[in-house]
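Topology and contacts: notes
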Amino acid sequence: MTDFRSDTVTQPTPAMKQAMLEAPLGDDVFGDDPSVNRLQELGAQMLGFEAALFAPSGTQTNLIALMTHCQRGDEAIVGQMWHTYRWEAGGMAVLGSIQPQPLEHQPDGTIALADIEGAIKVDDPHFAKTRLVVMENTTGGKPLPLAYMRDVSALAQRHGLRTHIDGARLFNAAVALADGGDPVQKARELAQSYDSVSLCLSKGLGAPVGSLLLGSRDFIKQARRIRKMLGGGMRQAGMLAAAGIHALQHHVHRLAEDHANARLLADGLTMAASSHAKLKGRATAHAAQTNIVFLDVDADIADAFLRHLADNDVRVTGGYFRASERAMKRIRWVTHLDVNRADVERALQVVTDF
């Protein structure tokens, strides 16, 4: 079976498992798990922050960041499709009493700077107080450009606002933008001048569990208190942290392989959509910028197409939407550590057989 549902489905490599078995352990709630401490120091050093905090998930590191930056009744500016707004169970509102101000996206995934500035509330008792601007990089597989990230940061600073990046796939963005250069340096540049970043270890980097929140020492000190409040304190977490250390040391540069496989997949789906009888005129493949590919299929054949994929051991995800006055299903394919070139070629043959 080839699983394209998400890069969260990766299994630890043998080398990662060995690192986990050999990890020295302590009690992280007391701050004395050496493997957790090493992971936090490594992540902070790689991205140019003073400190970091290890937590079970990216959903939690994002929520910790939001609740550390904002007080009850404050407002966070987000994108309509940001995970912090749409895909994290409303945590900022339910648990943080933070009002989200969602804004529409441009076709390239960015939010117009004028829209961000226009959403900032004046200091008036009638309004929630705008406190935070949240970015997400990548978004829908698209890396937001470095110049844009800097413009958003500068805008927020002019208005005295704090900034957070949901960097679940930040290293995917960095690999794409580095274009053969050093992705770690590019990631540092993307994060520069932002107050906090969450970095997922269990997506493209291939660790089984965990995410890092990065920021200043004072910020992380307060964030640790929020993590405790949310039930995120872990004891002998060093076995999980060791997987994260291995991922940061060995799996960043190899993300380029996932991107190459995604481009191969996108090219093959484009050919299928333009030439095969059942799909011609009824499907559109989108170009891959990182490791995520989208294929839009007419609703009247989408379910049959998905059944065909499933019957041939190709796993994907999809959801309906309306485009040009007709219903479509957008099917998402994600390449990752456990998908190689042969897997992509076999999946494309399954599509051709349909």
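This structure is a prediction, so every number in the text was calculated from the model and none was measured.

Right, let's get into the UniProt feature "modified residue: N6-(pyridoxal phosphate)lysine" (unreviewed entry) in the protein chain. Here, UniProt's "modified residue: N6-(pyridoxal phosphate)lysine" (unreviewed entry) annotation points to Lys203. Position of Lys203 relative to the elements: it lies in the loop between β7 (196-200) and β8 (211-215). Apart from residues no more than four positions distant in its own chain, Lys203 is found in contact with Asp7, Thr8, Thr10, Ala168 and Arg169.

For the rest of this paragraph, the subject is the sheet that holds strand β2 (residues 51-55). With mixed pairing, the seven strands of this open sheet are ordered in space as β2-β8-β7-β6-β5-β3-β4. Here the strands that pair on one side only, and so sit at the sheet edges, are β2 and β4 (99-103). Direction aside, neighbouring strands of the sheet carry axes that sit 20 degrees apart on average. As paired elements, strand β3 (residues 74-79) and strand β5 (residues 129-136) share four bridges and run parallel to each other. Within the sheet, the bridge partner assigned to Ile77 lies in β5 and is Val133.

Let's shift gears to empty space enclosed by the protein. If you walk through the whole model with that rule in mind, you get two cavities of 30 Å³ or more. In this model, the largest cavity occupies a volume close to 60 Å³. For the lining of the largest cavity, a count of residues per class yields one nonpolar, four polar and four charged. Roughly 50 Å³ of internal volume is contained in the second largest cavity. Contributions of two or more residues to the lining of the second largest cavity are made by α8 (170-178) and β7. Among the elements that take part in the lining of the second largest cavity, α8 stands out by supplying three residues, more than any other.

The UniProt record marks residues 3-298 with the feature "domain: Aromatic amino acid beta-eliminating lyase/threonine aldolase" (unreviewed entry), using the residue numbering of this structure. The span residues 3-298 is 43% helix and 17% strand, and its two end C-alpha atoms sit 23 Å from each other.

Turning next to the pattern of salt bridges. Counting across every chain of the model gives 15 salt bridges. Between Arg217 and Glu50 there is a salt bridge; the shortest N-O distance is 3.8 Å. Taken as a pair, Arg217 in helix α10 (residues 217-229) and Glu50 in the loop between α2 (34-47) and β2 lie far apart in primary sequence, 167 residues in all. Among the residues examined, Glu50 registers a relative accessible area of 47% and is labelled partly exposed. The partner of Asp258 in a salt bridge is Arg254, and the shortest N-O contact between them spans 2.6 Å. The exposure classification of Asp258 matches that of Arg254, with both residues buried.

The rules behind each value
- Residues numbered from 1 in each chain as written.
- Predicted model: local features only at pLDDT ≥ 70, side-chain atom pairs only at ≥ 80, totals over all residues.
- Heavy atoms only, no water.
- UniProt positions renumbered as here; feature names shortened; annotations may be inferred.
- Helix = DSSP H or I, 4+ residues; strand = E, 2+ residues; numbered from the N terminus.
- Contact = heavy atoms within 4.5 Å.
- Pairing = 2+ DSSP bridges.
- Axes fitted to C-alpha atoms, helices over the stretch in contact; angles between N-to-C directions.
- 1 Å grid on protein atoms, 1.4 Å probe; cavity = no way out; pocket = protein on both sides within 12 Å on 5 of 7 lines; lining within 4 Å.
- Points joined across faces, edges and corners; volume = space filled by probe spheres on them.
- Nonpolar A, V, L, I, M, F, W, Y, C, P; charged D, E, K, R; others polar.
- Salt bridge = Lys/Arg side-chain N within 4 Å of Asp/Glu carboxyl O.
- Buried < 20%, exposed > 50% of the residue type's maximum accessible area, 1.4 Å probe, protein only.

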